[in-house]
Amino acid sequence: MERDGASLRVLTVNIHKGYSFFNRRFVLHELREAVRAVQSDVVFLQEVRGGGDPDERHPGVSQYEFLADTIWRDHAYGRNAVAPRDSYGNAVLSHFPIVKSHNHRLSHPRIVPQRGVLHCVVNHGALPALHLMCVHLGLLEGDRQHQIAALREIIDSEVPADAPLIVAGDFNDWRQRVDARLARSGLTEVFRQSHGRHARSFPAVWPCLRLDRIYVRNVVEVRPLPMPRHPWSRLSDHAPLAAEVQLMKESG
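Residues numbered from 1 in each chain as written. Predicted model: local features only at pLDDT ≥ 70, side-chain atom pairs only at ≥ 80, totals over all residues. Heavy atoms only, no water.

Caption draft 1: Structural context of the overall build of the protein. When helices and strands are tallied, the protein shows 5 helices and 12 strands. Residue pairs in contact within the protein that sit at least 24 positions apart in sequence constitute 71% of those at least 6 positions apart. For the protein, the exposed surface amounts to about 11,400 Å²; the carbon and sulfur share of it is 51%. (Helix = DSSP H or I, 4+ residues; strand = E, 2+ residues; numbered from the N terminus. Contact = heavy atoms within 4.5 Å. Areas by Shrake-Rupley, 256 points an atom, 1.4 Å probe, with all protein chains shown as cover.)

So this is what it looks like as structure tokens:
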């Protein structure tokens, strides 16, 4: 599938706040180079530091701004968790204008840490508005079931039925139960659709669990992209996923 004005390259990765597996090294600078090398039009990021005390290695700049730099013209951030003098959440980087963004809470207010979905609407030229949702679900099955129900409600109420939609991120769905729930909202997962199973993404050093996903709705065609094991295996605890997405063109 050739890239043209109606297609885009998508990347999703849990960046683990800029640290390698087991927090052994701070790798945000290396991560920025790896993200850039994929040449994605849209990047979905989870576990991104969004504020607090500036890190001495890049003072005064949030991690999503540092990663976007001069490459992605627009970005949005949704804070989900707050720690002393810090916060972190999800972020979206986009080559195309983000005309609207909102961070929706998915967790019950008493659940810590909070989980959310960052919903962005992107202006993609003459094509219909593209809806992007960056997700990071909880570790416990009961919490995830509640969060998926909340996510479906947001999709059904906020996204027009005929609009192109991409939902990507870290679903922590090691029991493989999310697909059936999201299928009720018309979503299919890129890797499962193409290869019959989800991609292995955790832990990045030797992936065995299928936790990260890229779901789509109202697109013409999708193609998973192979990602090299290195340097990604030393840049986070999650491996990235990438895909080419051909968007549905307007008729007439």
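Caption draft 2: Representation of empty space enclosed by the protein within the structure. Under the criterion given, the structure shown has 1 cavity of 30 Å³ or more. Of the voids in this model, the largest cavity is the one considered here, and its volume is about 40 Å³. Those elements giving two or more residues to the lining of the largest cavity turn out to be α3 (141-158) and α4 (178-183). For the lining of the largest cavity, the element with the highest residue contribution is α3, accounting for 4 residues. (1 Å grid on protein atoms, 1.4 Å probe; cavity = no way out; pocket = protein on both sides within 12 Å on 5 of 7 lines; lining within 4 Å. Points joined across faces, edges and corners; volume = space filled by probe spheres on them.)

Caption draft 3: Spotlight on the packing of aromatic side chains. Applying the stated criterion across every chain yields a total of 3 aromatic pairs. A centroid spacing of 5.1 Å and a plane angle of 75° characterise the contact between Tyr19 and Phe26, whose relative ring orientation is edge-to-face. Using a relative accessible area of 26% as the deciding quantity, one classes Tyr19 as partly exposed. Pairing Phe171 with Tyr215 gives two aromatic rings, centres 5.2 Å apart and planes at 65°, and the pair type is edge-to-face. In this pair, Phe171 sits in the loop between β8 (165-170) and α4 while Tyr215 sits in strand β10 (residues 212-217), placing the two residues 44 residues apart along the sequence. As far as burial versus exposure is concerned, Phe171 and Tyr215 are alike and both buried. Seen from the ring of Tyr88, Lys17 lies directly overhead, with NZ or CZ sitting 3.9 Å from the centre. (Phe/Tyr/Trp six-rings, centres within 6.5 Å; stacked < 30°, edge-to-face > 60°. Buried < 20%, exposed > 50% of the residue type's maximum accessible area, 1.4 Å probe, protein only. Lys NZ or Arg CZ within 6 Å of the ring centre and 35° of its normal.)

Caption draft 4: Representation of helix α1 (residues 28-38) in the model. Within α1 the residues assigned to the buried category are Leu28, Leu31, Arg32, Ala34, Val35 and Val38. An end-on view of α1 places all buried positions within 165° of arc, on one side of the element. After α1 finishes, the residue Gln39 shows a positive phi value of roughly 60°. (Arc of directions from axis to C-beta.)

Caption draft 5: Spatial organisation of the nonpolar core. Judged by nonpolar contacts, the single largest core of 28 residues is most densely connected at Phe44, Val92, Leu132, Ile166, Ile214 and Val245. Dropping the residues within four chain positions of it, Ile214 is found in contact with Val10, Thr12, Ile166, Val167, Ala168, Thr188, Glu189, Val190, Phe191, Leu241, Ala242 and Ala243. If you look at the next biggest cluster of nonpolar residues, it comprises 24 residues, including Val13, Ile15, Ala91 and Leu235. (Core = buried A, V, L, I, M, F, W, Y, C linked by side-chain atoms within 4.5 Å.)

Caption draft 6: Summary view of the side chain of His136. Relative to the elements of secondary structure, His136 occurs in strand β7 (residues 130-136). Within the structure, the side chain of His136 is placed 3.1 Å from the side chain of Arg115, a separation counted as a polar contact. The residues touching His136, leaving out its near neighbours within four places in the chain, are Asn14, Gln46, Glu47, Asn90, Arg115, Gly116, Asp170 and Asn172. (Polar contact = N/O pair within 3.5 Å; in protein donor to acceptor, adjacent residues only side chain to side chain.)

Caption draft 7: A look at the sheet that holds strand β6 (residues 116-122). The strand order across the open sheet built from 6 strands is β5-β6-β7-β8-β10-β9, with neighbouring strands paired in mixed fashion. Every other strand in the sheet has two partners, leaving β5 (98-105) and β9 (188-189) as the edge strands with one partner each. Along the sheet, α3 makes contact with β5, β6, β7, β8 and β10, crossing β7 at roughly 170°. (Pairing = 2+ DSSP bridges. Axes fitted to C-alpha atoms, helices over the stretch in contact; angles between N-to-C directions.)

Caption draft 8: A look at the pairing of strand β12 (residues 241-247). Where burial is concerned, most of β12 is hidden: 7 out of the 7 residues are buried. In β12, alternate side chains face the same way, and those of Leu241, Ala243, Val245 and Leu247 on one face and Ala242, Glu244 and Gln246 on the other are all buried. Both strand β1 (residues 7-14) and β12 contribute to a ladder of 6 bridges, which runs antiparallel. Across the sheet, residue Leu11 finds its bridge partner in β12, namely Ala242. Both strand β11 (residues 219-225) and β12 contribute to a ladder of 6 bridges, which runs antiparallel. Paired with Leu225 across the strands is Ala242, a residue of β12.

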